[in-house]
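Chain residues, written in single-letter form:
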Amino acid sequence: MLEIKCPYCGKRSQNEFSYGGDASVKRPALEKEISDKEWDDFVYFRKNPRGKHLELWHHVSGCRQWFKVSRDTTTHEIYKTSKINEE
Amino acid sequence: MMQKYRLDKKGYINRKKIISFKFNGKKYFGYEGDTLASALLANGIHLVGRSFKYHRPRGFIGAGVDEPNAKVQLYNKEAKNEPNVLATEVELVEGLTAKSQNCWPSVSFDFGAINNLFSKFFPAGFYYKTFMWPKNFWYRIYEPIIRKAAGLGVAPLKPDPDRYEHKFEYCDVLVAGSGPAGISTALAAAKNGAKVILAEEKPRFGGSLLSDEVTIGNKNGKDWADESISQLKSMPNVIVKNRSQVFGYYDHNMMVMIEKTKDHLENPTKFIPRQRLWYIRAKEVVISTGSIERPLVFANNDRPGIMLASAAKEYMKVYGVLVGKKPIIFTNNDSAYDCAIEFKKNGIDPLVLDIRKNSDSSIVKEAKNLNIKIKFSHGVANSKGHLRVNLATIGKLNNSKSSYENLENVSCDCICVSGNWTPTVHLSSQSGNKLKFNDKIDAFIPNQSRQNETTIGSASGAFTLKKSLEDGFSKGYEISKKITGKDTKSSPPTSNERSSEEHDKFWCMPLPKGKHYKRFVDFQNDVAVSDIELAVREGFRSIEHVKRYTTLGMATDQGKTSNLNGLQLVSNVEKKIVPEVGHTTFRPPYNPVTIGAIVGREVGKNYRPTRKSPMHSWHEKNNAVFVDAGLWLRPRYYKQSNETLSDAAIREATNVRNNVGVCDVTSLGKIDIKGADSAEFLNRVYTNAWMKLPVGKSRYGVMLREDGIVFDDGTTTRISENHFHMTTTTAQAVNILAHLEYYLQVVWPELDVNVLSTTEQWAGAAIAGPNSRDLMGKLFPSLDVSNEALPFMGFKEEDLFGVPARIFRISFSGELAYEINVESGYGIFMWEKIMELGKEMNIEPYGTEALSTLRIEMGHVAGSEIDGRVISSDLSLEGMLSKKKDFIGKRSLNREAFLDPDREKIVGVIPLDRKTMIPEGSHLVKDNKSSLPNPKLGHISASCWSVEYNNPFSLAILKEGKKRIGEKLYALSPLKNKSIPVEIVSSHYVDPKGERVRS
Ligand SMILES: [Zn+2]
């Protein structure tokens, strides 16, 4: 069980959180004309990197905030956690 | 009362307390403080079981967790039984009953031992090779027979009557193992202000100090350990736990420990849990788990009476038990001389066989001074004795150690072997530490720590007491200083121990000339030298493959005694060095853990939380039969006399259509939405338009996922300009909230909107039926409830006899209907008022079954249609897709598959005979006689008995949808063995124009 530092609440056990996927994915703006490929990339295609991965987590059993986690997918080392509007 | 092998004085057992127990039906006696193993040995019992594959007689090899053979089935007082328990770990209590496993009809005459006679037919990979053909023989013949023969005890048939608990703890330093290194670390760290947990798997603290002849300061080892433990126990920042084994090292220093709290107690109180599982998040972990002695390997080295020298010594020192009176000590190193000296001091003359040419260590000198007979360059070539070893064939090894110069037979009743020591590196390895091979001790030791972990003492390959104490004190200080910032340093005490010289790397004795005896490496899985040689000869190279092919190290003991010998053998055969061969992966748990402990209190109704509506007690009192709806318990129907579910659903639904009914809808998800951009947000989240919804009105909405699939539906009401009340289905309430939070926080943070779940804050009652308006008039006498003042999809806030209430004119049943919400605490008040005032209108409560009936015959979709595969047009909801604005998932609706006009879409289905209920899940097919697989046109999603038409009616998702209305098809349910001729009709079976809800 990982220990994740919520930027709002501090260190908590993994079972308080849920995983939200790749944090680098940006939803295309509403009303914007985009190609099928751009849309498919957004909806379906995700990298599955070995190593460092920037991802979203949701503190569901806590403050209900979504935030970013920089995690190594092989060792589970967490380099950094940050609020959505932080780098 | 005879315990023939019990010494008069020795040991830490309580001789004042005699305990009786039963083993294989016979009564024996032991003392308080014994293990089942030590008590059996005191009675001269070595034979405890039969081996896994060949059913060979087996005895004790170890004295603790490393024991591979002595697995027994326990039957305790509560007539409960537990298989695969190590006799070396079971503490003796009055009335304990144990039996041998894997033998039939008895341990001394075992039918399966016939396998041993045919052992040449059971080589490595035997099962893989032999039973491959013919294919169907495997399931019918081979597998059941093998299963029976390979039984490891009998699984209990009744639920576990005991209670298990979980505990969460945090500490600065967790120390696993209370030997000299562990105690030193704990002392140094605790004195420097760290919060320390010291865990010991055995009942007694001290580890090797319990049986080694050493002094620390001016005390003997055990006294020092006892004093240190009491000192630690008196410190407020220290938790000291015995019978507590750290068995798992998980990510981010999450340690899992099992504490045995009950089985050793003679009269446990009713409320004591049997075991407690600790989840410990430790800032630093110190692994001081010690080391395990390796066996020496020779022909027939598995007979009862052949055991580890360290175990023989532990039985003498800790339990005052002699494992034999004519011992042979067989060793390749100095440590076994401790055992020989201990025998001698107790008046027994051992014979020592030492593979080495000589040794000048102080311990060997001490042995010589005691006139212990030592034969250097000698070893055991073979053993004899049916149920207990009684003869050893010993011999002098030639120079190359490939054969014997001479052989002679020596009678004996035990052979105590020592093949040097293997550090217990399981936890270090589990933490991600890449182990390295230490040539000096011929074993793997921890290398670079990946997590905050340090291994010390003999677990790190440092086998002297002096080093253990020094490392413990210095690491305890360094680690605690890092955490606490304090600087109180304590220094290690002086110590005295016997010095040792190097061991001989030789450990696998040659077979006597021309003989093909089995030499066992893995006792628990019956893996012999020849099996490993065969595997390598057959081309298995990776140690992981050799392991799986031969099953070496795959049993419950995880190769604690066999691992390294197996690796060395592979490296010998392959002429590689051990580090090139590598080692297999160590995985938690270190030792088997009872499932009950892992499950903890999460059993039965505590398996998951139960959510109940505020009106639950009323439902109970009124004969509600409940159904699980997610975590919620909802009334399925209210049983009257001998009604069936179907009778009740028809009665309740009919009453809604004819009079008025009330349904508890508290479990529906409710989300409060506030902020200046709330309408804009709803406009993006739902497929239809929301900007112009007037205050005081509700609207039905459908949400999609980004991939275009329908996510959920519900009504949302504009309470005021910037305040909305959203409802979701019971099933999706939690997911929808997370979904909304995601878009507000991650995608559109610029929107000024806040969302909050209010599901549990509001109690909800749906009032439905032609009499519902009259009832509303009685409930809210000062409110104008006319169709003009409160039309369909209207909303009002009004007091219900002084209690603030929200009134929504919405309908799921398709009837004229209202929904009332009050604060949860007033739920019962509301419900009872409804029942009281509705009495004259023939009100009846209705449950989820009637609710389903009502919605199905109206063609309203629910979870069985919104199944994660449908888009809006599949559900005839395409009219709700706004063309004027973008929304979540809209871009996906251009996908080719979604534009296909022949997609499966919602329709109604009725059986031609108007009688037969169509099972949900049935497939719709054109021809019921067609060969399998019969091409599927669609499936039945929901079925009910239509109370409107008094015949069965179903909803289905059918290829080409409405185009097929009027067609005759078959509904096939192979599970229920039914083939029903059906007709396709509109999904809006009742009131297709929706006049009732607007009446
Ligand atoms: Zn938080």
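Conventions used here
Residues numbered from 1 in each chain as written. Chains lettered and ligands numbered in written order. Predicted model: local features only at pLDDT ≥ 70, side-chain atom pairs only at ≥ 80, totals over all residues. Heavy atoms only, no water. Donors = N, O, S within 2.8 Å, 3.2 Å for Na, K, Ca; no water. Buried < 20%, exposed > 50% of the residue type's maximum accessible area, 1.4 Å probe, protein only. Salt bridge = Lys/Arg side-chain N within 4 Å of Asp/Glu carboxyl O. Helix = DSSP H or I, 4+ residues; strand = E, 2+ residues; numbered from the N terminus. pLDDT = per-residue confidence, 0-100. Contact = heavy atoms within 4.5 Å. Buried area = accessible area lost by both parts, 1.4 Å probe. Nonpolar A, V, L, I, M, F, W, Y, C, P; charged D, E, K, R; others polar. Pairing = 2+ DSSP bridges. Axes fitted to C-alpha atoms, helices over the stretch in contact; angles between N-to-C directions.

## Focus: the coordination of the zinc ion
Residue and element names in this part refer to chain A.
Moving on, step 1. Protein ligation of the zinc ion involves C6 (SG), C9 (SG), H59 (ND1) and C63 (SG), the donor distances falling in the range 2.0 to 2.3 Å.
Moving on, step 2. When the donor residues of the zinc ion are listed from N- to C-terminus, their spacing reads C-x2-C-x49-H-x3-C.
Moving on, step 3. Using a relative accessible area of 29% as the deciding quantity, one classes C9 as partly exposed.

## Structural notes on the pattern of salt bridges
Moving on, step 1. On inspection of all chains with the given rule, the structure shows 70 salt bridges over all chains.
Moving on, step 2. Across the pair E55 of chain A and R71 of chain A runs a salt bridge whose closest N-O atoms are separated by 2.3 Å. Here R71 of chain A lies in strand 5 (residues 66-72) and E55 of chain A lies in strand 4 (residues 52-58), a separation of 16 residues in the sequence.
Moving on, step 3. Close ionic contact of R541 of chain B with E574 of chain B constitutes a salt bridge, the shortest N to O distance being 3.5 Å. A residue pair is termed long-range when its members are at least 10 positions apart, and R541 of chain B in the loop between helix 12 (529-537) and helix 13 (543-550) and E574 of chain B in helix 14 (residues 563-574) qualify at 33 residues.
Moving on, step 4. Residue class for R541 of chain B comes out partly exposed when judged on its relative accessible area of 42%.
Moving on, step 5. Through salt bridges with shared partners, a single ionic network connects E82, D162, K262, D263 and R274 of chain B.

## Remarks on the confidence of the model for chain B
Moving on, step 1. Of the residues in chain B, 94% have a pLDDT of 70 or more, and the chain-wide mean is 93.
Moving on, step 2. Here the prediction assigns the complex a pTM of 0.90, and the interface score ipTM is 0.98.

## Here's the deal with the environment of F45 of chain A
Residue and element names in this part refer to chain A.
Moving on, step 1. Structurally, F45 can be placed in the loop between helix 1 (36-43) and strand 4.
Moving on, step 2. Classification of F45 by relative accessible area gives exposed; the value is 56%.
Moving on, step 3. Along the sequence, F45 and C63 sit 18 residues apart, while their C-alpha atoms lie 30 Å from each other.

## Topic: the interface of chain A and chain B
Moving on, step 1. Listed as interface residues are 24 residues of chain A and, on the opposing side, 26 residues of chain B.
Moving on, step 2. Interface area for chain A against chain B, summed over the two sides, is near 2300 Å², with a carbon-plus-sulfur share of 52%.
Moving on, step 3. Considering only the side of chain A, the residues that lose the most area to chain B are M1, R27 and L30 of chain A, jointly responsible for 26% of the buried surface there.
Moving on, step 4. On inspection of chain A and its partner chain B, the count reaches four salt bridges.
Moving on, step 5. Put simply, D36 of chain A and R891 of chain B hold a salt bridge, and the shortest N to O gap is 2.8 Å.
Moving on, step 6. Elements with a contribution of two residues or more to the side of chain A that touches chain B: helix 1 and strand 4 of chain A.
Moving on, step 7. Top element by residues in the side of chain A that touches chain B is helix 1 of chain A. It accounts for four residues.
Moving on, step 8. Here the side of chain A that touches chain B is built from residues that sort into twelve nonpolar, six polar and six charged.

## Remarks on the sheet that holds strand 6 (residues 81-86) of chain B
Residues and elements named next belong to chain B.
Moving on, step 1. The mixed open sheet is built from five strands, whose spatial order is 2-1-7-5-6. The sheet is open, and its two edges are formed by strand 2 (26-32) and strand 6, each paired on a single side. Strand after strand, the sheet turns through a mean of 35 degrees between neighbouring axes, direction not considered.
Moving on, step 2. Two elements, strand 1 (residues 14-23) and strand 7 (residues 97-100), share two bridges in a ladder whose sense is parallel.

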